[in-house]
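Given next are the chains, with one letter for each unit.
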Amino acid sequence: MKKVIIAISALAILFGVSPVTGAGSGPGGTAKAVPPPAGGKMPQVIVLGSIAKTYDPVKFNHASHVSNASGCADCHHQHGNGQQSLACGECHAIDASAFKKSVRLAKMRPCGECHSASYPAADSGRPGLKVAYHRACFKCHRGDVGSVGQDPKGCVEMCHVPGAQAKLEKKP
Amino acid sequence: MKEEGNGKNKGAVSRRELLQAMAVVGGATLIGSSTEAFADRKLSGWPDRRGMLTDLTECVGCRTCEKACNQANRLPEPEVPFDEKSVFDNKRRPTASAYTVVNRYDNPKSSGQPLYRKVQCNHCNEPGCASACPVKAYTKTPEGPVLYNADVCFGCRYCMVACPFMVPAYDYESALEPRIVKCTMCHGRVANGGIPACAEACPAGAVTFGKRSDLVALARNKVRNNPDRYLDHIYGEYEVGGTSWMYISGVPFGQVDFPTTLPEKPLVEQAKGFLSAVPLVLTIWPALLTMCYAATQNKEDKE
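Because the structure is predicted, anything quoted here is derived from the model rather than measured.

Asks: Which residues make up the overall build of chain B, and what values do they have?
Replies: Looking only at helices and strands, chain B has eight helices and nine strands in total. A buried classification covers 44% of the 303 residues belonging to chain B. Expressed as a percentage of contacts within chain B between residues at least 6 apart in sequence, the contacts between residues at least 24 apart total 60%. As displayed, chain B has an accessible area near 16300 Å², and 55% of this comes from carbon and sulfur atoms.

Asks: Residues and numbers for the side chain of E58(B), please.
Replies: Among the structural elements, E58(B) can be located in the loop between β1 (50-55) and α2 (64-72). Here the side chain of E58(B) touches R229(B) through a polar contact of 3.5 Å, side chain to side chain. Those residues in contact with E58(B) that lie beyond four places of it in its chain are R135(A), R142(A), A204(B), G205(B), A206(B), R229(B) and Y230(B).

Asks: Provide a residue-level description of the nonpolar core, including the pertinent values.
Replies: Core analysis: the largest hydrophobic core is formed by 44 residues, its most contacted members being M52(B), F165(B) and W245(B). When residues of this core are traced back to their parent elements, those giving at least two are α2, β2 (101-105), β3 (115-119), α6 (197-201), β8 (207-211) and β9 (245-248) of chain B.

Asks: Requested: an account of a nonpolar patch on the surface, with residues and values cited.
Replies: All names here are of chain B. On the surface, a cluster of nonpolar side chains totalling about 390 Å² of accessible area is made up of F274, L275, V278 and L282. Within the fold, L282 resides in helix α8 (residues 267-302). Relative accessible area serves as the criterion here: at 60%, L282 is assigned to the exposed category.

Asks: Tell me what's going on with the interface of chain B and chain A, and back it up with residues and numbers.
Replies: Taken together, the 34 residues of chain B in the interface contact 19 residues of chain A. In total, about 2100 Å² of surface goes out of reach between chain B and chain A, with carbon and sulfur atoms giving 51% of it. On the chain B side of the interface with chain A, the three residues burying the most area are V60(B), D83(B) and P203(B), jointly 26% of the side's total. At the boundary of chain B and chain A, one finds two salt bridges. Residue R135(A) is joined to E58(B) by a salt bridge in which the shortest nitrogen-to-oxygen separation is 3.4 Å. Across the chain B-chain A interface, the total number found is 13 residue pairs in polar contact (both at pLDDT 80 or more). Among the secondary structure elements, those contributing two or more residues to the side of chain B that touches chain A are α6, β8 and α7 (212-225) of chain B.

Criteria and thresholds
- Residues numbered from 1 in each chain as written.
- Chains lettered and ligands numbered in written order.
- Predicted model: local features only at pLDDT ≥ 70, side-chain atom pairs only at ≥ 80, totals over all residues.
- Heavy atoms only, no water.
- Helix = DSSP H or I, 4+ residues; strand = E, 2+ residues; numbered from the N terminus.
- Buried < 20%, exposed > 50% of the residue type's maximum accessible area, 1.4 Å probe, protein only.
- Contact = heavy atoms within 4.5 Å.
- Areas by Shrake-Rupley, 256 points an atom, 1.4 Å probe, with all protein chains shown as cover.
- Polar contact = N/O pair within 3.5 Å; in protein donor to acceptor, adjacent residues only side chain to side chain.
- Core = buried A, V, L, I, M, F, W, Y, C linked by side-chain atoms within 4.5 Å.
- Patch = residues over 30% accessible without salt bridge, like charges linked within 9 Å, V, L, I, M, F, W, Y side chains within 5 Å.
- Salt bridge = Lys/Arg side-chain N within 4 Å of Asp/Glu carboxyl O.
- Buried area = accessible area lost by both parts, 1.4 Å probe.

Structure, rendered in structure tokens:
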């Protein structure tokens, strides 16, 4: 039983970020503040499953966040808001068309490429994947929506459905 | 008459000198052994020792660390579930069934975002508990954690008095097998290359595990890069000679119940002068008083 759980969580970590929908469908009318990327494909709902042992995978509605955020940099720190800056080419596909038009997001690097799912070394100063996810959420969701930061139940209210294993443990 | 008296005095002095010499020698051996027993040593020889850094500005009070600690140490199920916020109504201390607890405080900067402080053993560099323990039940390991051995403990609870952070808890359930309970910094997990359960579980990255020297550097970086967010103080870097568990905060540490009057010298230094005098006093005083008694007895006999 334990092996099965370990295997499942390992798989969950491997495929921690898996876009479910939205491969071809642009955000359409939902995006108000942020214009949709010209050539890019923005995910609508993302399933985050790297902590599926305790909780069921989190369904993150990317589209609704796009409409609420004032810009990508609210959550994605790749545009130099005090974080490590990357070379443009690491994220943007730079080709002839990109130079003709303005450079649009062609590829946003998944958090897990830099933020490791395993516990990071303290000297790197870079948070692990779980912490990176949570900090991105806590920037706004703390104390107001879902009472995260005021009540430990806020985690469940906000995102986390207790997983099958957690439910099993609760039963006497 | 006079001569006789002088002669007697001479004899008394030489006897006293002999006793004094014996006492000094005896006391010196006692002190020698006791200073070795204390964790009073320079720790620069352990550069790789581990530590923890709690960032009070990151903690959201989810109590995941408490739950992870409970499971990792196979502690009994708590009376109140871990997702219950009513526990925040009182300020808690670690107990025999909870090595770590999270307390809530009002945030003077923002009322909607209360402050949380995780409490557990700070694994002092030169632990007061270890210096107070008469049977050496505490060991400061080169890896960082301060460990406790229940096999030699006889339940005097001096360590509970000696701890400046009021951490060691007593297991009152068993009268015959006295047992102190406190955080071990998950020594077993770390020895196998693991991460302390609380640090691994914390979703907010409020608890970081690593080499103490790395954590000091990390804390300094955080404070330097975010001067508005943090106070320029790493709690535990120097307090009571330095602790393995350190803290950075956005509000003065006194506001979240950290003891703020602790000296930078290790506590054992404070007590050493007194403690090393105890064997001397115990050896000299009986001899001295016996001599006084003998001297007065002789006089009475003569009269």
